[in-house]
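# Coordinates in review
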Amino acid sequence: MKIRPLPLLIKIMKLSIYGVFLQIILLNLILANDSSGQKGSSLSVKDVFIDIQLKEASLEKIFRAIESQTEYNFNYDKFELSNETKMNFHKKNVSVAEVLLKISESAGLKFKQVNKTINVDKLNRSGQQSLEVVFEDVDISGKVTDENGQGLPGASVVIKGSGTGTTSDLDGNFKVNVPNDAVLVFSFVGYLSQEIAVGNRSVIDIQMVLDATQLDEIVVTAFGIEREKKALGYSAQELGSKDLSGARDINVTSYLTAKVAGVQVSKSASGTGGSTNVVIRGNSSISGSNQPLYVVDGVPIINFSNSGSGSGLSGSGEHDYGDGIGDINPLDVQSMNVLKGPAATALYGSRGANGVVLITTKSGKGKKGIGVEINSNVTFEKLNLFPNYQNQFGSGYDDNGVASFWNEEVDGVQYPFPDNGNLDNWGGPLDGSIKIIDRFLMPDEEGLPLRTMDYVAQPKDNVRDFFQTGVTISNTIAITGANDNSSMRLSVGNSSTSGITPNHEIKKKSVSFRGSTKVNKMLSFEGKVNYLRTEGDQRPANGYSQYNPMWNFAIMSRFTPLDYVKEYYEETKSYNRPPGMNYSPWYIVNEIKNNDVRDRFIGYSSANLKFNDWLSLTGRVGLDFYAESHFQSWRRGARGNDQSKGRMIESNRTRRELNADLMLTANKELSEDFNLVVVLGANTWTSFSNNMQWDARDSKVDDVYQISNFLDVRPSSGLAQNEMQSVFMTGQLAYKNYLFLDVTGRNDWSSTLGVNNNSFFYPSVSTSFVFTEALDLDQRILSLGKIRVSLAQVGASADPYLTTSGYSFSQESYNGKPYASKSGQIPLFDLKNELTTSWEVGTDLRFFQNRISLDMTYYNAKTSNQILALPISNASGYSSEVINAGEIQNKGIEITLGATPFKTEAFRWDVNANFSANRSKVVELDGTVQTYKILNTNDDSWSNDVHAEVGAPYGNIIGFKYLRNEEGRKIVSAGGEYQRESEVSVLGNINPDWIGGLNNTFSYKGFSMNILLDFVQGGDFTSHTKRWMTQKGTGEWTVEGRRPVATDSDGNQLPYTGVLDGVVLNPDGTYSENTQAVPGQKYWASRAWNGIGEEFVIDGSYISLREVILGYTFQPAMLKKTPFTSLNLSVIGRNLMYLHEHTTDFGIAPESAPNTSGGASGVEALAVPSTRTYGFNVKLTF
Amino acid sequence: MIRDMKLYIKIAFMLLVSLLINISCTDDFAELNTPNDLITSDVINLDFLFTRVLAESIVHSEENGMGTTGNYCGMSYSGANAPFVSGDNSGVWNRTYGDYSRNLSDIIYLASTREDSEDLVNKKAAARIMKAWVFARTTDWYGNIPYSESSLDITKAISTPKYDSQKDIYIDLFKELKEAVAEIDNSKASYGSADILYGGDMDKWVKLANSLRLRLALRIRYADETLAATEMADLTEANLITSRSDDAKLYTRSEFTDQLNDQYSSLLQTKSNLAKRKPPKTFIDILKDSNDPRLKVFADTAKASFPGTPGYESIDFFGYRGTPLLGSAPVQQKYPYGDQTTSDWSDILYTPTQELPIFNASETYFALAEAALFGLKGNTSDAQGYFEKGIRLAQERVLEMYEGAKSELPEVESLFLAQGGGESDAAYLARVDAHVESLLESHKITQTEIDDFIANAAVVTLSGSLEEQLEQIINQKMIALFPQESEGWAEWRRTGYPRILVGDDNSALAGTIPRRMPWPTSEQTINGEQYQAALEAIGGDGKNTRLTKVWWDQNTNRPQHPGTVEWMEQPWVQTN
């Protein structure tokens, strides 16, 4: 379905001509060999000489002799050949023509050479030409398509052995005039070359197959500079359309999961629409963000984090409002490239210090006319691992019925009365042997005489019923259009997701317009406008907060009938507090509202001025702006002083980042062997953000959430701005296409540093040596071998306002007298930049024509002069001190292995594996302070905080171990409980020992199947689900060691059964085996009560079946009668199951960090349960 | 084409130049990196700092009379195992260092360095007195603490401050209080109304400083009697807090959550579902044994029957019955101290406006009585007179509390009493009113009762050995100190009184009451070297515990503690 008005057609033709012209020149440059000007590979019989020694030879024998010495084939009818004719030849170095002419005379035959075929016929009449040499060409036309059936423009079509050929046009069509015996070689960057013998065909349609190994891959590097991958002196890994196929998650970073060596992607366990944490090559900044810079179409975007701070773990119940990168519509993404080390990212300066993820969105370029692309998918999200609740014991203590309840009378008999407090589940068995007062009354039953209920267990899976199946529907429609001077793409995306928690919804809309136009040969413009809207509703609360349903479930009495809790809410719509619960989960998700809206514009415009064929100037201005508002409300009567009279919090945030670049690029071939590229550039970056919040309490009219309806309104505001100016240069020198040298340098001036230290410079140098080409090695086994080495520095700037100190006013006052307080942070007036110095070596090896590829990197980086607000002993009078001193070191290896173990015409099996291991070490803090608390759980009774400790790896979990004797046996107290050591020690580390991914792709004709496994070995976390369920006796594991019944049939007390494994200290200092049997709460809960953090640290290793995609792509031929040009259907499964983990007993997913702040991966805090996702995807173009 | 080219080059050149100009323009960086709303030290009003620190340190302190520390002097009962759970108790530490000491030191620093420092002497003196109070409490909790290297000016701050010995700290606190009094000059400006404690009356600040010196001197008398006597020597009754109008106290307020009475706050949240807090056995028994009229103001009688327990079916009224500290003895072995068999704190303590004192006149007299009795100051014969005055002032304070509660009780009771389904508003209000009336009647205290008590009660007369007289003084003093839990705990540690009964089953403390609070765990990691040095100073590993004594806790004559709680099968026996 293509519209081709005439003017467009003319323009397109013009463009095609230019394109073809350019391609031919290029091809000639690259491929031209000693062409004689002939078409085809054949030589005339006049030019081919043979030795011939034959006696009395038949014609057939002569023909065979000629055939044996030349490329020619004789074509004749056996029966037409006279068998009588026998001839003698005794000649050396005689031309074939001469021989044929002789035969013609003797046998009355005529010969016609068509290319390599010599046709033999009878010479019917004299005068006829007896030897004719014709080089006959055939016209071959056809279409080159990509893996999706889309026309592939600019593909080269070359006649094998000749170096001549053509390229496909904008639709992928080509037409070439070739000898009919020719073999055509189709090739295109990123695809496997294919050879097709022309044979008798006049039409050749060919679908190109992506080259998994991509030998001459072009990668986009800093500032959009396209480079051949083999020229890179550092590690970069690109994900092309194949890796990005299929919809997986509404967050684009999920594409990176388990695919890129050295990249760890962790999703916040805050339900759908939450943020993601991406760390490349380990954490290099102790206190700052360790997330990479995201650059979309050359313009850095803001990857703000709205996931709350670590303090949300305890109490406040923060919501994860998603992150900046999560706004990007995954279906607009064409490719992603991960630049890992400083050498790769040096040109991005400070903000690229943690690596850069370059995202290229789809554009209309390269597709003539108007095309439409539709991508639709539906996915379903279901519970995966779920906490295991016990169902045998009820509220109380001492395994003893309900002895701690007080009694009320019903019909003259006293029955236990369950209180409203948080009743621990250390009571008697829920076996129905006793009755208790029924507290589970509907409103109309209140005030009636008390009644009793059986003290029994509830259905084991009752908590699961609270959750629902999440559904995501997402659609993107894109229209592309192009002519020879302009191209554009307009896409409209829409997705709506409902989470597994009731009422949790995320809606996203995106409109993206990207276009380019060429004014004339010199001047061209390009631009993009992307509007993004994200709406969130009832995002679940994090942490062990009363607003988190999972916390309420973890601590509730196990005899609580959840059906009742739900019904009660539905009946009354009011806050109620069933015994043992803080909040009814149904009330939380329905009545305590939170919603958020973000409107965001990302755009850029650029102009390129091409002075001549080697010098050009590009100017670009990019803007990322968003306005966001968050709303929360509590109805009158909600728990807590602050909201008991109704409350609303509204906050509005705006943020703006402006990037302006100017780049002068020179790309010149200095001689046959040397090529030089030099870029000189300058950049200005300004950032502005403003937050306004109104916290309003005490409503005049219930359920009206307008600020003016509240009596007590407390506004607060926060403003931050900063600016950075930079100049940079990069130079690339290439020698003979096998030795490459890159040098970069950048100087930044940052407003956030001390006035005398605000300028800083950092260089990098990298080199790549393709030894297989340099040494001209046999490429049949080792197809490509490359060694790369780089050395780089990157400076990083600071957050604003670390150089000043002052006083703050507060909302509060006493008797109208104003309050002010001195800031607790000691500023650093002479703040300097952070500096990362790194080196890396790597090799890139391809074997057996790319059937196997191996990429290995070793890197070593240290970041010094760390800027951090170091929490110091508050006994100093201050809470933190800005320092410029810390040093952290990261070193590690990355290995990527690609292989095609099996390959036939129809079937193909590709394997891609990656492995990486990073080792970090905190070398120094400020010299006096030995540890920095990365994550403060703010839990007074016991902590398990995450620290950066001098001499240790980043991310140690610090807390209390069990008290043990010299032999390592746990010491049980006189009271029969475990105890903790008096001082804290290291309980684990949050970083995995290694991570890896294994991706298998099977393709058979149009079918493909993709299986991705995600491996993580090591990496510990503290589980607060385990902690609370151990403390409250709700976990299934707490059944062990409890007395199943309290009394025997005669009513006598039975002894306790739980004896803790350990020893007791005798008065003489020796130890003897513990024999004291204790009740459940001493056996289990005391581990939490006594703050033994060690008990709750879990090994986070896992193997996850991350994704399975089964797809079918219709062959272009099958779609001929439809309006579609391509059609792809796939079934998607994501996070299907864990093949290995250490958390089954507790029912927690090993990846359950509640948010993405530093160190948070070391904590699981009553996470939203883990889920598996499956669904369908349809992608079609026409 | 050529013309175009020239134009483009011109544009390109201009762009380059403009960008370079922009880059060289970093002059505004300093301004850019200063928050628009920054308030700097040259403009800050000291009054704002002082008001806040007064309100925060007094109103927002943990001293509410129903906390954990009160368990250690029989003043409160916090339930469950709370008093015995090990772990950080870093509240006082964090508030002192994270807030009060920084702001008070800053006032002192600014008042001494500003150009008009001569006119700021009174503001400086008041800040020094408050700072002494703050640090005295902190060292009483934790023993040796960072002091001389703490809270220095921001340009000289020491991030890893050393720990000073408690003795050195006390010596400096005496010096500070003395110097502060000396520099007070009534001709110079005071904080005026920003001084929410005394309204700018510097004479009262003198009294507070001197009274604090008296308190601290008495506290160290077992550790350094000479120093105690020396410090007391130049104090006269005239310049001490000796009347209710001198009392250093603030009141809780409803304006902000942080300033609410904790009890009222809990009530607001949970309303009729509120599980009321319990007064401890020690507190109740002291009042009950002497028929003290204050008992009915402070506490309710136990209300429920307890028919479920064999042997106790017939008991349906427990009267005033305090809750002892039981530890974690198995429930079935315990004497039945269930919810309904012990007294609750009375509703009078739930009213929004509660007095939060840091020094009351009654304490002055109890201190003078003890000092006189032991020859530190005045004559032994003065002791009885002081003692009586102390009791009278303490009684009258409770009368004031009762009178003050009258107007606020209706609101409190309407929170306690849920409106029944179908009950009309009028009927509900009438029910609340009737309830308030009966409460005011049953919890009533009158001046006559007080006069009568002082005239007739046996406990008002000191008798017996010196040690017995001390016990009588401290028992009364503890009641008078309510709700200053830290002070009560310090008295118990110093003297061993009042006697407290503790269940014998609490693993962490083996049936004993804490003698100090361990330094926060964070110090071990964040101030490691100084922490280790401090640990060595108190005896090394295993000493950062609750059982390690602070310097002034050196009374060798303390009564044996604790006794055991009676079991079901045993009669109630008051053991040591």
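## Concerning the overall build of chain B
Helix and strand content of chain B: 20 helices and 6 strands. Scored against the burial criterion, the 576 residues of chain B give a buried share of 59%. Contacts in chain B between residues at least 24 apart in sequence constitute 77% of all its contacts with a sequence separation of at least 6. In the structure as shown, chain B presents an accessible area of about 21800 Å², 51% of it carried by carbon and sulfur atoms.

## Points about the packing of helix α13 (residues 383-405) of chain B against helix α17 (residues 466-481) of chain B
Residue and element names in this part refer to chain B. One can describe the packing of α13 onto α17 by two numbers: an axis separation of 10 Å at closest approach and a directional angle of 25°. For the element pair α13 / α17, the angle class is roughly parallel. As α13 packs across α17, the resulting crossing turns out to be left-handed. Contacts from F387, I391, A394 and R397 in α13 reach Q472, I473, Q476 and A480 in α17.

## Examining the interface of chain B and chain A
With 96 residues of chain B in contact, the opposing surface of chain A contributes 93 residues. Between D106(B) and K822(A) there is a salt bridge; the shortest N-O distance is 3.4 Å. Our count for the contact surface shared by chain B and chain A stands at 26 residue pairs in polar contact (both at pLDDT 80 or more). Elements that contribute at least two residues to the side of chain B that touches chain A include exactly α1 (2-24), α2 (29-32), α3 (46-59), α4 (91-113), β3 (248-251), α9 (262-270), α19 (521-526) and α20 (528-537) of chain B. The element best represented in the side of chain B that touches chain A is α1(B), accounting for 11 residues. Grouping the constituent residues of the side of chain B that touches chain A by class yields 44 nonpolar, 38 polar and 14 charged.

## Remarks on the confidence of the model for chain B
All names here are of chain B. For chain B, per-residue confidence averages 86 on the pLDDT scale, and 84% of positions sit at 70 or higher. Scored below 50 in pLDDT, residues 562-576 shows 44 contacts in the model against residues more than four places distant or in partner chains. Predicted complex, confidence summary: ipTM 0.88, pTM 0.77.

## Details of the side chain of E1141(A)
Residues and elements named next belong to chain A. Looking at the element boundaries, E1141 is found in strand β61 (residues 1126-1141). Buried charge E1141 goes without a salt bridge, the closest partner of opposite sign being R1172 at 9.8 Å. Polar contacts involving the side chain of E1141 include one to the main-chain amide nitrogen of T1143, which spans 2.8 Å. Separated by 2.7 Å, the side chains of E1141 and T1144 make a polar contact. Those residues within four positions of E1141 in sequence are excluded, and the remaining contacts are S1101, Y1102 and P1150.

## A word on the pairing of strand β48 (residues 945-949) of chain A
All names here are of chain A. In terms of burial, β48 is a largely internal element, 5 of the 5 residues being buried. Going residue by residue along β48, you find D945, H947 and E949 tucked away on one face and V946 and A948 tucked away on the opposite face as well. For strand β47 (residues 931-935) and β48, the ladder comprises 4 bridges, and the chain directions are antiparallel. Across the sheet, the residue bridging to L935 is V946, located in β48. Here β48 runs beside strand β49 (residues 954-959); their pairing, made up of 4 bridges, is antiparallel.

## Thoughts on a negative patch on the surface
Residues and elements named next belong to chain A. A contiguous patch of negative charge, built from D444, E446, D461, D465, D563, E567, E570 and E571, is present on the exposed surface. Counting through the fold element by element, E570 comes out in helix α6 (residues 562-572). Accessibility expressed as a relative area gives 42% for E570, which makes it partly exposed.

## Some remarks on the sheet that holds strand β62 (residues 1163-1164) of chain A
All names here are of chain A. If you trace the 3 strands from one edge of the open sheet to the other, you get β59-β54-β62, paired in mixed fashion. Strands with a single pairing partner mark the edges of an open sheet, and in this sheet they are β59 (1097-1099) and β62. Bridge count for strand β54 (residues 1020-1023) against β62 is 2 bridges, and the pairing is parallel. Counterpart to T1022 in the pairing with β62 is V1163. Against the sheet, helix α9 (residues 1024-1031) engages β54, β59 and β62, with an angle of about 35° to β54.

Cut-off values and rules
- Residues numbered from 1 in each chain as written.
- Chains lettered and ligands numbered in written order.
- Predicted model: local features only at pLDDT ≥ 70, side-chain atom pairs only at ≥ 80, totals over all residues.
- Heavy atoms only, no water.
- Helix = DSSP H or I, 4+ residues; strand = E, 2+ residues; numbered from the N terminus.
- Buried < 20%, exposed > 50% of the residue type's maximum accessible area, 1.4 Å probe, protein only.
- Contact = heavy atoms within 4.5 Å.
- Areas by Shrake-Rupley, 256 points an atom, 1.4 Å probe, with all protein chains shown as cover.
- Axes fitted to C-alpha atoms, helices over the stretch in contact; angles between N-to-C directions.
- Parallel < 35°, antiparallel > 145°, perpendicular 65-115°, else oblique.
- Left-handed = near helix turned anticlockwise from the far one by under 90°.
- Salt bridge = Lys/Arg side-chain N within 4 Å of Asp/Glu carboxyl O.
- Polar contact = N/O pair within 3.5 Å; in protein donor to acceptor, adjacent residues only side chain to side chain.
- Nonpolar A, V, L, I, M, F, W, Y, C, P; charged D, E, K, R; others polar.
- pLDDT = per-residue confidence, 0-100.
- Lys, Arg positive; Asp, Glu negative; His and termini not counted.
- Pairing = 2+ DSSP bridges.
- Patch = residues over 30% accessible without salt bridge, like charges linked within 9 Å, V, L, I, M, F, W, Y side chains within 5 Å.
- Charge placed at Lys NZ, Arg CZ, Asp CG, Glu CD.

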